[in-house]
Structures are given as structure tokens and as C-alpha cells.
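Residue-level listing of the chains:
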Amino acid sequence: GIAFAPIWTENDHRAEQAVADFASKHSVPVSIVDSPVNPETSPLKDIYVSYVGTDNTAAGQLLSSHIAGPADGILVVRDSTSTPTWERYQGVCAAQSQELNIWNTTLEGATGITGHLAGMSSIVFLTGHLLKEVLGSMEGYDVYTFDICSEYSSLLGEDSFLKGILVQNSLKMGSECVKDLLSAPQSKNHFISPIYFDAETLENLPEEARPIMEFLQGDHQE
């Protein structure tokens, strides 16, 4: 079987086509992990047996439920038309009962993003990549973000600007993907609930969160 994560392939289907060609030639199943494929244009649309990932709209609502008060701004990296990013944005807005500002930027332009934050208090980063670039400029804000790497986990604390992180349960996603490749799944879509980390969570880690935190505290980055 083939486990395929089509990250950043929404407008470029060459990788998906290569997987589709190999799977068809060798009669092996394909499971899509993490990012969904376009159900209309992807070469894999009629081939894959399951999609295993996060319901990003629900994830946006979940993260927003932990924010103390209304969020002031939404920041994104690369392009807000990225499906997971846009769904997270929609989820946060729905939970906040308001449309929030959304900025497009790039990693190269991240150093100037703090100029947009004057007068704000609570900031939500739709992807963790941008937060990593501006860690030194976030003091004074209450920051919430999606995605995690080892640099973030050490910052979580009651006195830190980083108040909460919503993390995909990638370990469970991977195991569910393997199950789907070994036997015909009953459902085409499997949504795995993400895990919320904050200072309180770190003091009493739930069982499902321990493997992820142990991974992050090692020499690896997600």
C-alpha cells in the first residue's frame, strides 16, 4: 500500500499523478494522509481507499473555544486559499461569531508582520511556520497557534505569550492509515481529533498526548 501526504500539491498534481500511475500499475491501495486531495481534479480522486486527517473547520472552532475573549487577528503564511488554512480560519470565525482579519504573508516577509499587530491582544496563527519566524516579537500578545515543533513546547507556560497550541494527532493518523491499507475501510473519510496543549495540559498530560510530547522533547521536529 501507499500512504501519501499531498501537502502543497493543490495546484500541482505531478506527485499525485506519479502515485496514481504506480498504484494502478501494481494494484496497490492508496490512503491519503493529513491534507485532502481535490475531489474534482486530483488524479487520485477515484483511486484512494481512504482519507485520514483532521477536520480543520472543527479544529478552528476547538482552538477558538480556548481563547480568553475575542481574537483580534488572524495571520497566515503563504496563501489563505490553502484548504486546511482556510478551513481553520472559517472555524475560528464561526466560533468567534465574527469575521476576523486575515493577512497573507511569506516566511521572507515574516519579520515585518509585527507592524500589523499594533493595538491587538489575542493573535491566532493559522500555521505554526510563521510563528517560528517571529518568536522574538510576540511578547505582549496572547498567542494561539496550530501545529507544533520542539521550539514551541518549551514556551508554553502561564507567564508566556504562547497560551495554547492545537496539534494534529499525527501518530494516530498514521496508525489509522495503516489499518485502512491492510483492510477495506468502512468509511472513506476518517477524521482524527486534534489535541490542545497549554500550561495546564503540560502539568497533567492526557494519555493520548504523551507520545506526541515525548516525540517533541526528543531530537525530532514534526
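The preceding data block contains the structure.
This one's a predicted model, so the numbers in the text were calculated from it and none came from an experiment.

1. What to know about the overall build of the chain
Helix and strand counts for the chain come out as 8 helices and 10 strands. Across the 222 residues in the chain, those meeting the buried criterion constitute 46%. Sequence-distant contacts, at least 24 apart, represent 61% of the contacts inside the chain between residues at least 6 apart.

2. Digging into the environment of glutamate 207
Here glutamate 207 shows up in the loop between α7 (199–203) and α8 (210–216). Overall, glutamate 207 belongs to the exposed group, its relative accessible area being 60%. There is a polar contact of 3.2 Å between the side chain of glutamate 207 and the side chain of arginine 210.

3. Considerations on the pairing of strand β8 (residues 162–167)
Taking burial as the measure, the 6 residues of β8 include 5 buried ones, the bulk of the element. Taken together, the 4 bridges between strand β7 (residues 142–146) and β8 define a ladder with parallel strand orientation. Directly across from phenylalanine 146, in β8, lies its bridge partner leucine 166. With 3 bridges joining them, β8 and strand β10 (residues 195–197) adopt antiparallel strand pairing. Bridge pairing in β10 links valine 167 to isoleucine 195.

4. Section: the pattern of salt bridges
Under the counting rule described, the total for this entry stands at 2 salt bridges. Between arginine 88 and aspartate 147 there is a salt bridge; the shortest N-O distance is 3.2 Å. Of the two residues, arginine 88 is situated in helix α3 (residues 83–96) and aspartate 147 in the loop between β7 and α5 (150–153); the sequence distance between them amounts to 59 residues. Here arginine 88 and aspartate 147 have matching classes, each one buried. Across the pair arginine 210 and glutamate 207 runs a salt bridge, and its minimum N-O distance is 3.2 Å.

5. Structural notes on the packing of helix α2 (residues 56–65) against α3
α3 packs onto α2 with a crossing angle of 45° between their chain directions and a minimal axis gap of 7 Å. The pairing of α2 with α3 is recorded here as oblique in orientation. For α2 against α3, the interelement crossing comes out right-handed. Every residue of α3 that contacts α2 at Asn56, Thr57, Gly60, Gln61 and Ser64 is listed here: Pro84, Glu87, Arg88, Gly91, Val92, Ala94, Ala95 and Gln96. Partitioning the contact of α2 with α3 into residue classes produces 4 nonpolar, 7 polar and 2 charged.

6. Overview of the sheet that holds strand β5 (residues 102–103)
Pairing in this open sheet of 6 strands is mixed, and the strands run β5-β4-β6-β7-β8-β10 from one edge to the other. Looking at which strands have only one partner, the edges of the open sheet turn out to be β5 and β10. Pairing analysis gives 4 bridges linking strand β6 (residues 122–125) to β7, with the strands arranged parallel. Bridged to isoleucine 123 within β7 is valine 143. On the sheet, α2 packs against β6, β7, β8 and β10 and is oriented at approximately 155° with respect to β7.

Here is what the cut-offs are and how they apply
- Residues numbered from 1 in each chain as written.
- Predicted model: local features only at pLDDT ≥ 70, side-chain atom pairs only at ≥ 80, totals over all residues.
- Heavy atoms only, no water.
- Helix = DSSP H or I, 4+ residues; strand = E, 2+ residues; numbered from the N terminus.
- Buried < 20%, exposed > 50% of the residue type's maximum accessible area, 1.4 Å probe, protein only.
- Contact = heavy atoms within 4.5 Å.
- Polar contact = N/O pair within 3.5 Å; in protein donor to acceptor, adjacent residues only side chain to side chain.
- Pairing = 2+ DSSP bridges.
- Salt bridge = Lys/Arg side-chain N within 4 Å of Asp/Glu carboxyl O.
- Axes fitted to C-alpha atoms, helices over the stretch in contact; angles between N-to-C directions.
- Parallel < 35°, antiparallel > 145°, perpendicular 65-115°, else oblique.
- Left-handed = near helix turned anticlockwise from the far one by under 90°.
- Nonpolar A, V, L, I, M, F, W, Y, C, P; charged D, E, K, R; others polar.

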